[in-house]
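Structural overview
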Amino acid sequence: LLGEAREVVLAGRTDGSNGQLAYVATGTYGLAIVDPRNLLKPTVISQVELPGDAVDVALDARLGLAAVATGVSLEVVDVANPNAPRVARSIPVAARQIEVVDGVAYVAVGDTIESYNLLSGERLDSVPSGTGDIVGLAADRGVLFAADSAGRLAAIDISGATMAPLGGIDLPASSGKVFVGGGI
């Protein structure tokens, strides 16, 4: 593996084959696609070099696209053929965290969330999230949750054409990681 594993996403294969693949943001290198069937010795299928420091990755398996936050850009990588990933587009935005829902990338840029159409690269919307830089994103059931460095957890409605802040709470302590699922 070239680079260092900064974030890993497991998802079904995008080429119609059975099984899962791991999509790994590899820091100073870019993106790796790994077959994790043998947990003691996972197999690197392919890698693609990207600019910046790849710190987060999200996948839209339906579109066969991976979105990678590199700090200097949002890299949209065509992973439909996991053996030959290729950069589909590079969006010049200081992306630090990313979440993908239904073909839209929700990108943490400082204390703001920006949304981009993965297919066209078009910027769709932008909303402030809190007082500190966003350090974690997660989405479930049409709501995006953003944790910031000041300890605030914000909820944003992403079920419509534009993002709409729903509210937030101040947390006494936070690691920055956010996980939601099943409405919880």
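Above this text is the structure in question.
Just so we're clear, the structure is a prediction, and the values are computed from it rather than from any experiment. Every chain is numbered on its own, with residues counted from 1 as its sequence reads. For a predicted model such as this one, the threshold for reporting local features is a pLDDT of at least 70, and the threshold for listing and counting side-chain atom pairs is 80 or more; totals across whole chains, interfaces and linings nevertheless cover every residue. Based on all heavy atoms of the structure, the side-chain values leave hydrogens and waters out of the count.

**Considering the sheet that holds strand β11 (residues 112-117)**
- We treat two strands as partners when DSSP finds at least two bridges between them. Going along the chain from the N terminus, every DSSP run of H or I of four or more residues is numbered as a helix, and every run of E of two or more is numbered as a strand. Ordered by their spatial adjacency, 4 strands build an open sheet running β9-β10-β11-β12, and the pairing between neighbours is antiparallel. Two strands close off the open sheet at either side, each with one partner strand: β9 (97-101) and β12 (123-128). Each adjacent strand pair in this sheet contributes to an overall mean axis angle of 20 degrees, direction not counted.
- Where β9 meets strand β10 (residues 104-109), 5 bridges bridge the pair, whose relative direction is antiparallel. Bridging across to β10, Gln 97 finds its partner in Ala 108. Structural elements are reduced to axes, namely lines fitted to C-alpha atoms, with helices fitted over the stretch in contact, and the angle between N-to-C directions of any two is expressed from 0 to 180 degrees.

**Brief notes about the nonpolar core**
- Among buried residues, the Ala, Val, Leu, Ile, Met, Phe, Trp, Tyr and Cys ones that are joined through side-chain atoms within 4.5 Å form a nonpolar core. Burial classes follow relative accessibility: with a 1.4 Å probe on protein chains only, a residue under 20% of its type's maximum area counts as buried, one over 50% as exposed, and anything between as partly exposed. Counting 17 residues, the largest nonpolar core has Leu 74, Val 93, Ile 98, Val 100, Ala 105, Val 107 and Leu 118 as the members making the most contacts within it.
- Sorting the residues of this core by element identifies β6 (65-69), β7 (74-78), β9 and β10 as the ones contributing at least two each.
- Here, residues are in contact when the closest pair of their heavy atoms is within 4.5 Å. Aside from chain neighbours lying at most four places away, what touches Ala 105 is Leu 74, Ile 98, Glu 99, Val 100, Glu 114, Ser 115, Tyr 116 and Leu 118.
- Judged by nonpolar contacts, the second largest core, of 15 residues, contains Leu 21, Leu 59, Val 68 and Val 77.

**Here's the deal with the pairing of strand β15 (residues 152-157)**
- Examined bridge by bridge, strand β14 (residues 143-148) and β15 share 5 bridges and lie antiparallel to one another. Among the inter-strand pairings, Val 143 is bridged to a residue of β15, identified as Asp 157.
- Linking β14 to β15, which pair antiparallel, is a turn of 3 residues; within it Gly 151 sits at a positive phi near 90 degrees.
- In terms of strand pairing, β15 meets strand β16 (residues 164-170) through 6 bridges, oriented antiparallel. Directly across from Arg 152, in β16, lies its bridge partner Asp 170.
- Between β15 and β16, which pair antiparallel in sequence order, lie 6 residues.

**What about the pattern of salt bridges?**
- Just to be clear on terms, a salt bridge is a Lys or Arg side-chain nitrogen sitting within 4 Å of an Asp or Glu carboxyl oxygen. For the structure on display, the rule yields 5 salt bridges.
- Notably, a salt bridge pairs Arg 6 with Asp 53, separated by 2.9 Å at the nearest N-O pair. Remark: Asp 53 occurs in the loop between β4 (43-49) and β5 (56-60) and Arg 6 occurs in the segment before β1 (7-12); sequence separation between them is 47 residues.
- In this structure Arg 6 comes out as partly exposed when scored by relative accessible area, which is 38%.

**Some words on the pairing of β11**
- Counted residue by residue, β11 has 5 buried out of 6 residues, so it is predominantly covered.
- Sheet topology note: the β10/β11 ladder contains 6 bridges and is antiparallel. Counted as the bridge partner of Tyr 106 is Ser 115 from β11.
- Hairpin connection of β10 to β11: 2 residues between the antiparallel strands, including Gly 110 at a positive phi of 65 degrees.
- Across 5 bridges, the pairing between β11 and β12 is antiparallel. Across the sheet, residue Ile 113 finds its bridge partner in β12, namely Val 127.
- Between the antiparallel neighbours β11 and β12 lie 5 residues, among them Gly 121 with a positive phi of about 80 degrees.

These results come straight from atomic positions and should not be treated as a statement about function.
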